[in-house]
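Summary of structural features
Below, each chain spelled out in residue letters.
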Amino acid sequence: MLGERLVGRVEELAFMDRVLDVLDDGRGAALAVVGEPGIGKTRLLGELASRADRRGCVVLSGSAAELERDLPFWVFVDAIEAFVRSLEPRRLAELDDDVRVELGHVFPALAWQAPDGGAGLVHERYRAHGAVCELLERLTAIKPLVLLLDDVHWADPASVDLLGALWRRAPDAAVLVAVALRPRQAPPRLWAALERAHHAGGLDRVDVGAFSAEEARQFLGADVNAHVAASLYNESGGNPFYLQQLARAAGPTRAASRGEASAADIDVPATVAVALAEETALLSDGARLVLQGAAVAGDPFEPDLAAGAAAVSEGVALGAVDELLRLDLVRRTEVPRRFRFRHPLVRRAVYESTPAGWRLGAHARCADVLAARGASPAERAHHLQHSAKQGDTAAIATLREAGEGAAQRAPASAAFWFGEALRLLPHTAPADLRVELLLARARMLIATGQFDHGHEALLGSLALVPAGSGALRVRLTSACAGVEHLLGHHDQAHARLARAIDDLGDHRSPEAAALMIDLAMDRFAVMDYPSMRQWAETALTASQALGDRPLAAAATAVAAFAAAADNATAQAHARRAEAAPLVDSLDDPELARRLDAVANLAGAELYLDRYNDSERHAERALAIARATGQSEFIPLADSIRGQVKLLRGKLVEAGEVLDSAIEAARLSGNVQALAGNLTNRSLTALAAGDLDLALTTAEENDVLTRGLDQSLICAAGVALAAALVEAGEPERAVDVLTASCGGDDLALIPGVFRARSLELLTRCLLASGRPTEAEQAAIRVQAAAAGLQLRMADAMAGRASAAVALDTGDPIRAAEHAGAAALAAEEIGAPVEAALSRMFAARALSQQGHRERAVTELRHAAATLHACGARRYCAAADQQLRSMGDHTHRRTLAGITSHSAIGSLTERELQVAHLVVDRRTNAEIADALFLSPKTIETHIRNIFHKLDVSSRVELARTVERFEEPARTRPLGVRPSAGRRQP
């Protein structure tokens, strides 16, 4: 068959063989085959599939389709669903319940595999990406897996996001994800993800060019004479598909007798378009009609759906398919009763050649066939959006249902369906229905980072709100202002809120109190903390007279948060003491009405050193947000959770929370959330000893926030400075910190975080050889701590003073300040900060000649840092110990290491550890805890790291040694793994 022989491409094939060698080594890889339409990308993927198959790999392939870009995850469904559906049920049953739930949302045919569970939240759609990654890993249990995805320039947005996630976090197994795409037609989001992955070394790229004249001659074969071959080569430009198509038509100059296609419509040279039309003109009338029906039905297509589109019987369609196969217009796939066009350009040419009116009817007939099959709303909506009339209430309902079904995991598709439903609404439709659809579309647009379009939809909703709907108008106004803040239009947001409260007239209403709370948070966005506090107190006064407990809780919580941000610690404590019992007394349905109450309370408690309380309230905010679909609260709750876990020394957990939050922020396009989470991820990596990750995340954040809000620049500056001083660039660290945070006073940083940043500045200045300036910075930390009256601020002041005293040769004063700093940090449950202060104390004691006391401090610090996973700092403490002649292994330090290490385990890790003590295998532990063996393996790796053991026997001995005293405890009483909290 013409063009079936592979010609040339020697370098490309050698490269593919090297990629497959990586799989043979048990590692994963990613490959992008890039080139213009018809250049041979699909043929190269086919050769890759053949070579992988010969090596014994599992090969799965799918293709995005130009006319199906609204179907969520379609390219992955096309590649994977049929294969996974054919697996033994037990293979999927081994996956965690939450993974199976997510897979059911990605692959419709697997929904029956999913246990009962919610769809999750749109801000957490990275969970679906993780589930697909785990599925791919699981499919490599016996053989390596090669996943081939063709024409991904046409992939739907959900598939693009999933592909980007797989490139950022590749499967930890022998999985090759190979894609083919056209660079000029690739959406910016896809191309940006590809470029990032390629530059980071996580993806290899092959650029495919045109044939040479000699390669074209080989491609055409000996049956084509040299003169014709040269003419065809010149006409095609060496493009294999164009060359093949012109050769099929027996020359570039023949005119089509009927069914002529427009070159502009199918984006090929005019002669190729004519050749395509000539080829289809050779068909019988029945075969041509079925081919047109297939072009409407989809690519790939099933004969019965093509028959429905063409309005012929299935028997006629099957006979036509035989003719189409003989002429190589369509080809078989590996899935029974499914066929694919020879090339997407053939399908497009056929589709565009059909009369527009006939196409409308064909799409409508497809929708009817799918409805009779019981197909999903999305499959039917795809055809209805082409064929339904304005006012078709059934079509509107289907489109809306499709949007709701896609909302949590494919918001871009959901926004499209809601938009199509709006388009079909008659002018006489009730205003509330139009408002609902506009709001739904706005939420989806905002979730995908399309803030301008989401803002436009919200404004459209506002214009339709009838008089007397004050609560709805306030809700929409707040939403508009929130999007304006995301866009950086802070003045516009403030003016909108201020105008809305003026329009209300009555400032004693619930709507007015709600707007006052919004105005308080509006001022937080621009770092105007005194105004924030003023609006918060005004909201509190207004809400207290209304008898609305959730609203009063929200106002009290924002007042606590505002006071903490404005350094009014005494008032912040007082307001927190009022807010906490009020929030805790509300049941979940009540609190769901004002979820900002518990979220802002958690934020205030973070500022006030109340880490246990902050984490508890952030967890509750997260749980209620998930249960009620209030996705907008997820970023704040996760940010607080990540920061608290960092401060409490739960570095592995902090990293996991923040990694997920970063993925969510990338998907949503929320720069503010991404900046904040990159800051905290950098600081967590630094504490854990991963300097490379600390630097890369801080530097990404620095680039991201240039020219944006000052608050974001401050956060980026602190993280970058902290990483730079550890990397040996203290001068640059000083410049970054002072330039981004308001000069030497770091005046732009709120609350206790200013004291922490001033302590960092002190160390940077000392490392830069600027002791006088460092002393001044330490004095500023002391002043800040005196004003704040918070133990974290006291710890920072003590450590800064200790550092300066050590530098000036005053070890007695240094030891005193460092010891006080360690105690202050321990009181609030900040073990890493306490350990770092103990290291300063040890240096000071050593300089005084108090070796034994210094060794005790260092042992304590090393044990704590080891238990928290702060590897770099722990290594530094060990080095100090060795320099003092102490070589005692940490694990022999009874009462310090064992308790700290065991105390660092999460509740789940402790359960796993006890089952290891009981000599259970991984499979038995997985069964006992209803988890997957892979999850158990991950937990055991983390436990080994935290306890510094290398075998299950060592793990069991460590746990038994620590829990020996438990024999004297009452039954059921276990040692506390926590640390003292206020």
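All values reported here derive from a predicted model rather than from experimental measurement.

**Side note on the overall build of the protein**
Across its full length, the protein holds 50 helices and seven strands. A globule of 982 residues ought to have a C-alpha radius of gyration of about 30 Å, and the protein, at 32 Å, matches this closely. Along the three orthogonal principal directions, the C-alpha set of the protein runs to about 100 × 70 × 60 Å. Across the 982 residues in the protein, those meeting the buried criterion constitute 57%. The contacts in the protein between residues at least 6 apart in sequence include a share of 67% that link residues at least 24 apart. In the protein, which carries 106 positive and 128 negative side-chain charges, the distance between the mean positions of the two groups comes to 2 Å.

**Topic: the packing of helix α6 (residues 126-138) against helix α7 (residues 157-168)**
Orientation of α6 relative to α7, taken along the N-to-C sense of each, is 60°, at an axis distance of 10 Å. Relative to α7, α6 is oriented oblique. Crossing angle aside, the handedness with which α6 passes α7 is right-handed. On the side of α6, the interface is formed by His129, Val132, Cys133 and Leu136, while α7 contributes Asp161, Leu162, Ala165 and Leu166.

**What to know about the environment of Arg347**
Looking at the secondary structure, you find Arg347 in helix α17 (residues 344-353). Residue class for Arg347 comes out buried when judged on its relative accessible area of 4%. The spacing of Arg347 and Ala294 is 53 residues in sequence and 8.4 Å in space, taken between C-alpha atoms. Excluding residues that lie within four positions of it along the chain, Arg347 makes contacts with Ala65, Leu67, Glu68, Ala295, Val296, Gly298, Asp299 and Phe341.

**Let's talk about the pairing of strand β2 (residues 58-63)**
Within β2, five of the six residues are buried, which leaves the element mostly enclosed by the surrounding structure. For β2 and strand β3 (residues 145-150), the ladder comprises six bridges, and the chain directions are parallel. Of the residues in β3, the one forming a bridge with Ser61 is Leu148.

**Quick word on the packing of helix α28 (residues 549-565) against helix α29 (residues 569-585)**
Look at α28 against α29: their axes get within 8 Å of each other, and the N-to-C directions meet at 150°. Between α28 and α29, the crossing angle belongs to the class labelled roughly antiparallel. The crossing of α28 and α29 is left-handed. Judged by residue contacts, Arg549, Ala552, Ala553, Thr556, Ala557, Ala559, Ala560, Ala563 and Ala564 of α28 engage Gln571, Ala572, Arg575, Arg576, Glu578, Ala579, Leu582, Val583 and Ser585 from α29.

**Digging into the confidence of the model for the protein**
When pLDDT is averaged across the protein, the result is 87; 92% of the residues are at 70 or more. Mean pLDDT per element in the protein: helix α12 (residues 263-266) is the minimum at 47, and α29 is the maximum at 97. Per-residue pLDDT stays below 50 along residues 890-898; that stretch engages in 23 contacts with residues further than four places along the chain or on separate chains. Long-range and interchain partners of residues 964-982, a stretch whose pLDDT sits below 50, account for 27 contacts in this model, where long-range means more than four residues apart.

**Quick notes on α17**
Among the 10 residues of α17, eight are classified as buried, and the element is accordingly described as predominantly covered. Where α17 is concerned, the buried positions are Pro344, Leu345, Val346, Arg347, Arg348, Ala349, Val350 and Tyr351.

**A few points about the nonpolar core**
Within the largest apolar cluster, 150 residues are counted, with the highest numbers of intra-cluster contacts made by Tyr611, Leu737, Leu760, Leu761, Met792 and Leu865. Excluding residues that lie within four positions of it along the chain, Leu737 makes contacts with Gly717, Val718, Ala721, Leu746, Ser757, Leu760 and Leu761. If you look at the next biggest cluster of nonpolar residues, it comprises 91 residues, including Leu181, Ala197, Ile396 and Met444.

**Let's talk about unusual backbone geometry**
Most of the time, phi is negative for any residue but glycine, and the peptide bond is trans. Following Asp299, the chain continues into Pro300 via a peptide bond in cis, with omega recorded as 5°. Secondary-structure assignment places Pro300 in the loop between α14 (285-297) and α15 (303-310). At Phe73, a position not held by glycine, the phi torsion is positive, near 60°. For Phe73, the location among the structural elements is in the loop between β2 and α3 (74-85). Backbone geometry at Asp609 places phi at a positive 70°, although glycine is not the residue there. Overall, the relative accessible area of 3% leaves Asp609 in the buried class.

**Side note on the pattern of salt bridges**
Taken as a whole and assessed by the stated rule, the structure comprises 69 salt bridges. Asp17 is paired through a salt bridge with Arg51; the nearest N and O atoms lie 2.8 Å apart. Here Asp17 is found in helix α1 (residues 10-24), whereas its partner Arg51 is found in helix α2 (residues 41-54), with 34 residues between them in sequence. On the accessibility criterion, Arg51 (18% relative accessible area) is buried. Note that Arg799 is salt-bridged to Glu759, the shortest N-O span being 3.3 Å. Of this pair, Arg799 sits in helix α41 (residues 791-807) while Glu759 sits in helix α39 (residues 751-767), and the two are 40 residues apart along the sequence. Glu759 shares its class with Arg799; the two are buried. Within the structure, one salt-bridge network assembled from shared partners comprises Asp17, Asp21, Asp24, Arg43, Glu47, Arg51, Arg54 and Arg55.

**Notes on the environment of Gln847**
Relative to the helices and strands, Gln847 is located in helix α43 (residues 831-847). Here the alpha-carbon distance between Gln847 and Thr271, two residues 576 residues apart in the chain, equals 87 Å. If we skip the residues at most four places from it in the chain, Gln847 touches Leu806 and Pro811.

**A short note on the sheet that holds strand β5 (residues 204-207)**
Pairing is parallel across the open sheet formed by five strands, whose spatial order is β2-β3-β4-β1-β5. Single-partner strands in this sheet number two, and they are β2 and β5. Averaged over neighbouring strand pairs, the angle between their axes works out to 15° when direction is ignored. Strands in contact with α3 are β2 and β3; relative to β2, the strand with the most contacts, it is inclined by about 145°. Contacting β1 (29-34), β4 (175-181) and β5, helix α8 (residues 188-199) runs over the sheet at an angle of about 115° to β5.

**Looking at the environment of Ser387**
One can find Ser387 in helix α19 (residues 377-387). With a relative accessible area of 15%, Ser387 lands in the buried category. Residues Ser387 and Ala512 lie 125 residues apart in sequence; the distance between their C-alpha atoms is 46 Å. The residues touching Ser387, leaving out its near neighbours within four places in the chain, are Leu360, His363 and Ala364.

**Description of the packing of aromatic side chains**
Summed over all chains, the structure comprises nine aromatic pairs. For the pair Phe241 and Tyr242, a centre-to-centre distance of 6.3 Å together with 65° between the ring planes defines the contact as edge-to-face. With respect to burial, Phe241 and Tyr242 carry one shared label: buried. An aromatic cluster is built from Phe524, Tyr529, Phe561, Tyr607 and Phe753, whose rings are joined through pairwise contacts.

What counts and how
- Residues numbered from 1 in each chain as written.
- Predicted model: local features only at pLDDT ≥ 70, side-chain atom pairs only at ≥ 80, totals over all residues.
- Heavy atoms only, no water.
- Helix = DSSP H or I, 4+ residues; strand = E, 2+ residues; numbered from the N terminus.
- Rg over C-alpha atoms; globule rule 2.2 N^0.38 Å.
- Buried < 20%, exposed > 50% of the residue type's maximum accessible area, 1.4 Å probe, protein only.
- Contact = heavy atoms within 4.5 Å.
- Lys, Arg positive; Asp, Glu negative; His and termini not counted.
- Charge placed at Lys NZ, Arg CZ, Asp CG, Glu CD.
- Axes fitted to C-alpha atoms, helices over the stretch in contact; angles between N-to-C directions.
- Parallel < 35°, antiparallel > 145°, perpendicular 65-115°, else oblique.
- Left-handed = near helix turned anticlockwise from the far one by under 90°.
- Pairing = 2+ DSSP bridges.
- pLDDT = per-residue confidence, 0-100.
- Core = buried A, V, L, I, M, F, W, Y, C linked by side-chain atoms within 4.5 Å.
- Salt bridge = Lys/Arg side-chain N within 4 Å of Asp/Glu carboxyl O.
- Phe/Tyr/Trp six-rings, centres within 6.5 Å; stacked < 30°, edge-to-face > 60°.

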